[in-house]
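Structure at a glance
These are the residues of each chain, in order.
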Amino acid sequence: MTQLLGKTAIVTGAAQGIGRGIALVLAQDGADIAIADVDEPRARETAGEIAALGRKALAVRCDLIDQRSLQAMVDRVLAEFGKIDILVNNAGVYGAAGWQREERWRSADWDATFQVNVRGTVFCSEAVAPHMIGRRAGKIVNIGSSASREASPLSPHYHASKAGLLMYTQCLALQLAPYDINVNCVCPAMVWTQMQIDISNWRYEVKGEQAASPRSIFEERMRKRCPLGRDTTPEDIGWAVSFLASDRARNMTGQALHVDGGAVMR
Ligand SMILES: NC(=O)c1ccc[n+]([C@@H]2O[C@H](COP(=O)([O-])OP(=O)(O)OC[C@H]3O[C@@H](n4cnc5c(N)ncnc54)[C@H](O)[C@@H]3O)[C@@H](O)[C@H]2O)c1
């Protein structure tokens, strides 16, 4: 595919997991990619994989909770690439450092999820928007979750943050529509990344769920929630992001596209 040939994209949190999958698909579809992540060594590894596909790749260390770090990242990408066509706000957390050992959610977990999942997306979008407004062109894709629309008794802080992210997506879509900038959300569920490995280990070890292994907890949840009954992969999410970042989605804005094996239908 070459639908993104000549485009440049920033993907936050692309050092691993879903973000890495998105970055690779966008590169396969023709885009040059900047990987913005707090984990610089792993971000460099993803950049190496993208360069091997024949695209320009830049790894930039950046912490979404620090507005100055975000602005410096955007300035660096503009200096290296000259323009930004696509912003993918993917980086997210399930709690503050060490949440995997805690029985109950702490105020630090509420703070971390809102700081990274919501405020990080706001600040990153605000750092890129003036450039896109100046060009009267751009695509912003936020990574929400089935949690954006489904309640949970287990992790209300995370679900509330992802619901907030979806509402912000729709507010930003209204703000930027006059400049022909599209803002949408892709909502995954059940992707076997480090985040899901941590959640499954936590349910098994800390919450004491009865199962043969953490992976079997994941598979049982998937069997109950997803009619299609198979793992969603990072590439599945990348394909949806690539579509929303392309001109084929030029008349979509403020939407949530659920890529989750049918877990959420609305
Ligand atoms: N895995 C799933 O099943 C699933 C389901 C629904 C939604 N999501 C969402 O998809 C996105 C990616 O999740 P994942 O499963 O790949 O998670 P992951 O934990 O495997 O990867 C997250 C990436 O974000 C980076 N990151 C975290 N905090 C950061 C910060 N402050 N600044 C910069 N980078 C930061 C990490 O270094 C890492 O590279 C998240 O927004 C997550 O909420 C995941």
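Notes on the structure follow. (Residues numbered from 1 in each chain as written. Predicted model: local features only at pLDDT ≥ 70, side-chain atom pairs only at ≥ 80, totals over all residues. Heavy atoms only, no water.)

1. Examining the overall build of the protein
For the protein, the helix and strand inventory stands at eight helices and seven strands. Whereas a compact globule of 266 residues would reach a radius of gyration of roughly 18 Å, the protein reaches 18 Å, a difference of no more than 12%. For the protein, the C-alpha atoms occupy an extent of roughly 55 × 40 × 35 Å along the three principal directions. Contacts in the protein between residues at least 24 apart in sequence constitute 71% of all its contacts with a sequence separation of at least 6. (Helix = DSSP H or I, 4+ residues; strand = E, 2+ residues; numbered from the N terminus. Rg over C-alpha atoms; globule rule 2.2 N^0.38 Å. Contact = heavy atoms within 4.5 Å.)

2. Considering the site of the ligand
With respect to spatial proximity, 29 residues lie near the ligand, and among them Asp-37, Asn-90, Tyr-158, Val-191 and Thr-193 are the closest. Residue Met-190 places a main-chain N or O atom 3.4 Å away from an oxygen atom belonging to the ligand. Val-191 is positioned such that a nitrogen or oxygen atom in its backbone is 2.7 Å from an oxygen atom of the ligand. In the complex, the protein chains occlude 92% of the 840 Å² of accessible area that the ligand would expose alone. Of all elements in the fold, only helix H1 (17–28), helix H5 (156–176) and helix H6 (194–205) reach the threshold of two or more residues within the shell around the ligand. Here the element with the most residues in the shell around the ligand is H6; it accounts for three residues. Tallied by class, residues from the shell around the ligand come to 15 nonpolar, ten polar and four charged. (Near = heavy atom within 4 Å. Polar contact = N/O pair within 3.5 Å; in protein donor to acceptor, adjacent residues only side chain to side chain. Areas by Shrake-Rupley, 256 points an atom, 1.4 Å probe, with all protein chains shown as cover. Nonpolar A, V, L, I, M, F, W, Y, C, P; charged D, E, K, R; others polar.)

3. Quick word on unusual backbone geometry
At Arg-136, a residue that is not glycine, the phi angle is positive and equals roughly 50 degrees. Tracing the backbone shows Arg-136 in the loop between helix H4 (107–135) and strand E5 (138–143). According to the relative accessible area criterion, Arg-136 is exposed, its value standing at 51%. One non-glycine residue with positive phi stands out, namely Asp-180, at about 65 degrees. With respect to the helices and strands, Asp-180 occurs in the loop between H5 and strand E6 (181–188). (Buried < 20%, exposed > 50% of the residue type's maximum accessible area, 1.4 Å probe, protein only.)

4. As for the nonpolar core
With 31 residues, the main nonpolar core has Ile-22, Leu-26, Ile-33, Val-186 and Val-241 as its most contacted residues. The greatest single-element share of this core, amounting to six residues, is contributed by H1. With near-sequence residues (within four places) excluded, Leu-26 lies in contact with Leu-4, Ala-9, Val-11, Ala-31, Ile-33, Val-88, Val-241 and Ser-242. Ranked by size, the runner-up nonpolar core spans 30 residues in total, among them Ala-36, Ile-84, Ala-91 and Phe-123. (Core = buried A, V, L, I, M, F, W, Y, C linked by side-chain atoms within 4.5 Å.)

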